[in-house]
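Residue-level structural notes
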Amino acid sequence: MKLDDIDARTRELATRLGIAPPQLQEGPVAAWVAEGVRALPQPEQTVLVVGPAFGELTPAEQEAGLASAMVIAELYRRGKRTPLVAAGLVTVAAGAAGFAFAEPKWLVVLGLAVLFPVSFVLAQALWLRGIAYGHDRRLAEVFGRDTPELLLELNARNKHEIRGILRAYLTVANPSRSSRSKRLRAV
């Protein structure tokens with residue numbers, strides 16, 4: 001499929017989703033991204049990067065992948081500051097309590113220096129879980145439940161092993177397939 005054909009299809013999907021059409025470009029996409037397309041949300045316009053694996057998908061999988069990337073970009077753009085704000089609130093609350101009741105004060109400062117990045121990572125993981133559920137719900141509302149189910153199946157077939165800390169993080173940040181399917185049945 002040529003980039004011009006993908007662009008035309010993407011514009012149709014964006015219209016159905018009620019969002020601005022993204023800019024397309026060819027480029028590298030990590031092997032563990034089963035859809036073969038990734039979104040780069042920009043302030044002005046989302047950029048979709050289409051990788052070689054995209055061409056190996058069925059037309060239905062390609063359409064679902066494009067719609068998925070656009071929905072994720074839109075959800076990301078709407079709440080991108082959420083983890084930072086949540087981590088800031090937790091840190092400020094802990095700091096206020098620490099300075100009011102704890103001694104020595106330098107230990108409170110040290111604790112806050114550790115608390116902020118840890119709470120940011122956890123808040124971001126929870127926020128990403130919410131994006132996954134919101135993504136599934138939005139796709140089901142616009143295209144029917146078959147589209148998010150197709151994406152779940154596509155991701156289950158993708159056998160690329162992710163190792164290390166990224167795997168641990170993605171395990172926390174991504175709800176299980178059964179959990180996502182259960183929520184889809186309620187849509």
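Preceding this section is the structure that the text describes.
For clarity, every value in this text was computed on a predicted model and none was experimentally measured. (Residues numbered from 1 in each chain as written. Predicted model: local features only at pLDDT ≥ 70, side-chain atom pairs only at ≥ 80, totals over all residues. Heavy atoms only, no water.)

In this structure, the largest pocket encloses a volume near 1600 Å³. Taken together, 40 residues line the largest pocket, and the ones lying closest to its centre are W32, N155, L170, N174 and R180. Elements with a contribution of two residues or more to the lining of the largest pocket: β2 (37-40), α2 (59-79), α4 (105-143), α5 (146-157), α6 (164-173) and α7 (177-185). Taken together, the residues of the lining of the largest pocket break down into 23 nonpolar, 10 polar and 7 charged. (1 Å grid on protein atoms, 1.4 Å probe; cavity = no way out; pocket = protein on both sides within 12 Å on 5 of 7 lines; lining within 4 Å. Points joined across faces, edges and corners; volume = space filled by probe spheres on them. Helix = DSSP H or I, 4+ residues; strand = E, 2+ residues; numbered from the N terminus. Nonpolar A, V, L, I, M, F, W, Y, C, P; charged D, E, K, R; others polar.)

Residue placement: P43 occurs in the loop between β2 and β3 (47-50). As for P43 and A64, which are separated by 21 residues in sequence, their C-alpha atoms are 24 Å apart.

What follows is about helix α3 (residues 82-101). The first and last C-alpha atoms of α3 sit 29 Å apart over 20 residues, in line with the 28 Å expected at 1.5 Å per residue. Turning to α3, its buried residues number three or more, namely P83, A87, T91, G95 and G98. Along the axis of α3, the buried positions cluster into a sector of 90 degrees, meaning they face one direction only. Facing away from the buried side of α3, by more than 90 degrees, are the exposed residues L89, V92, A100 and F101. Buried residues along α3 sit in contact with α2 and α4. (Expected span 1.5 Å × (residues − 1). Buried < 20%, exposed > 50% of the residue type's maximum accessible area, 1.4 Å probe, protein only. Arc of directions from axis to C-beta. Contact = heavy atoms within 4.5 Å.)

Our focus in this paragraph is the packing of aromatic side chains. In this structure the tally under the stated criterion is 1 aromatic pair. Relative to W127, the ring of Y76 has its centre 5.4 Å away and its plane inclined at 50 degrees; by these criteria the two rings are tilted. With Y76 in helix α2 and W127 in helix α4, the pair connects residues that are 51 residues apart, well separated along the chain. Here the basic side chain of R183 rests over the ring of Y133, its NZ or CZ set 3.7 Å away from the ring centre. (Phe/Tyr/Trp six-rings, centres within 6.5 Å; stacked < 30°, edge-to-face > 60°. Lys NZ or Arg CZ within 6 Å of the ring centre and 35° of its normal.)

Every buried residue belonging to α7 is among R180, S181 and L184, and all of these are buried. Buried positions in α7, seen along its axis, are confined to an arc of 100 degrees and lie on one side of it. Structural note: α7 exposes S178, K182 and R185 on the side pointing more than 90 degrees away from its buried face. Elements in contact with the buried residues of α7: α4 and α5.

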